[in-house]
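Spelled out from the first residue to the last, the chains are:
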Amino acid sequence: MDQLMFANGLADIADKVQHSKRLSAEDGMRLFESNDLLAVGYLADLVRRRKHRNRVFFVVNRHINHTNICVNRCRFCAFGKDKGDASSYVLSLDEIEAKARKAWEMGITEVHVVGGLHPELSLDYYLEMMKRLREALPGVIIQALTAVEIDYLAELHALSLEEVLLTLRQAGLDSLPGGGAEVFADRVRQEVCPKKISGERWLEVHAIAHRLGIRTNATMLYGHVETIEERVDHLIRLREQQDRTGGFMTFIPLAFHPRHTDLERVVHARTTGFDDLKVLAVSRLMLDNFDHIKAFWIMIGPKLAQISLNFGVDDFDGTVVEEKITHAAGADTGQALTRRELIGLIRAAGRVPVERDTLYNVVREGF
Ligand code: V47
């Protein structure tokens, strides 16, 4: 390995990785700048193997997006609509319950619910949603509402973040998904989502959730106006928070899809496969205190997600069933994979598929 690494100027980083030493921001920059994708991937794979050996996790889940009405209207988002727009919608609690019950029949262990910031949906709607999901899906983990939605509910009702999280948890909420993180840098947020909560506030919501014992995920939306420095800054801020609170389970890089968004004229093309793999690999290398790096196949396609299992990824999300956010922005992937398809993709990569629940408890192993 040394010879390979000496040839491309990454020898000192390879040495740190081999000896499980933490990488610096400068290392992160150099990894992003490197065009030696296989070397970067090899190093990320070393870390993955150390943590998970041959196992690859997957979840049988269902996404539900309860409303696309959103007061934030981020420039990267084609899903959000104004109230009154012809394509705006709000799912009734009966509709949500019906979707959940149908998914229950196919054996989901996770329901993932996120939506827009709807000015008239009060905390009661969400509490009732949690109660109904809890009743309709016994034993299924409810991963719902991004930090942005939690903050909005707190604002709307003049409650503290703790109060909102505790009330929701009492009604059935188990875990928060990682959405809304985008890129933490203020410069980027000013440009692409000026109305959204700050990076600091996003981190605060997750810190409070962790303190209350609610485990969460983290994301980064890449491939728009962010610089490499801003990507590295994002990863380091997550790593620092994880050192303090320890409640993040997995990190999911999200590849920006520009179609039908307000950024379409600025960002003409989708992320490349090269960049997708590099972001996953560098994330694995920088986030040494995160157990899992997840490929969301909806955004990069099942084939690249499968290849990413050699670039630091240990988690292949998921059956999904219905996905509206990326598909509103021109995604040409399907919206569902079966359990059998996920297992097939993982096995064809020479790995052992492990069905997990949201909290990474093993549901089944040895297919
Ligand atoms: O926060 C919005 C992103 C996120 C676009 O926690 C876009 O396990 C690409 O966070 N192109 C929501 N991305 C989805 C999300 C997620 C997905 C899967 C698993 C988990 C998890 C979380 O989608 C938003 C935003 O960052 N997004 N618009 C777009 N045009």
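The structure under discussion appears in the preceding block.
S.K.: I'd love a proper account of the pairing of strand β1 (residues 55-59), names of residues and values included.
M.R.: The element β1 is largely enclosed, with a buried count of 4 among its 5 residues. One ladder, built from 3 bridges, connects β1 with strand β9 (residues 315-317); its direction is parallel. Along β9, the bridge assignment pairs valine 59 with aspartate 317.

S.K.: Account for the packing of aromatic side chains, with residues named and values stated.
M.R.: One pass over the structure, following the stated rule, counts 8 aromatic pairs. A centroid spacing of 5.8 Å and a plane angle of 75 degrees characterise the contact between phenylalanine 57 and tyrosine 360, whose relative ring orientation is edge-to-face. On the criterion of sequence distance, the pair formed by phenylalanine 57 in strand β1 and tyrosine 360 in the loop between β10 (352-356) and β11 (362-365) is long-range, its members being 303 residues apart. On the basis of relative accessibility, which here comes to 5%, the residue phenylalanine 57 falls in the buried class.

S.K.: Break down the nonpolar core for me, citing the residues and quoting the values.
M.R.: In this structure, Leu168, Trp202, Leu238 and Phe316 are the most contacted members of the largest nonpolar core, which totals 120 residues. Broken down by element, this core gets its largest block of residues, 8 residues, from helix α6 (residues 123-136). If sequence neighbours within four positions are ignored, tryptophan 202 has contacts with Ala147, Val148, Gly178, Gly179, Gly180, Ala181, Phe184, Ile197, Asn217, Ala218, Leu238 and Phe248.

S.K.: Could you give me a rundown of the environment of alanine 158, with the residues and numbers involved?
M.R.: If you trace the backbone, alanine 158 turns up in the loop between α7 (147-156) and α8 (161-171). Residue alanine 158 is classed as exposed on the basis of its relative accessible area, which comes to 72%. A C-alpha to C-alpha distance of 38 Å links alanine 158 and arginine 284, two positions 126 residues apart in sequence.

Calculation criteria
Residues numbered from 1 in each chain as written. Predicted model: local features only at pLDDT ≥ 70, side-chain atom pairs only at ≥ 80, totals over all residues. Heavy atoms only, no water. Buried < 20%, exposed > 50% of the residue type's maximum accessible area, 1.4 Å probe, protein only. Helix = DSSP H or I, 4+ residues; strand = E, 2+ residues; numbered from the N terminus. Pairing = 2+ DSSP bridges. Phe/Tyr/Trp six-rings, centres within 6.5 Å; stacked < 30°, edge-to-face > 60°. Core = buried A, V, L, I, M, F, W, Y, C linked by side-chain atoms within 4.5 Å. Contact = heavy atoms within 4.5 Å.

Geometric descriptors of this kind do not, in isolation, establish any biological role.
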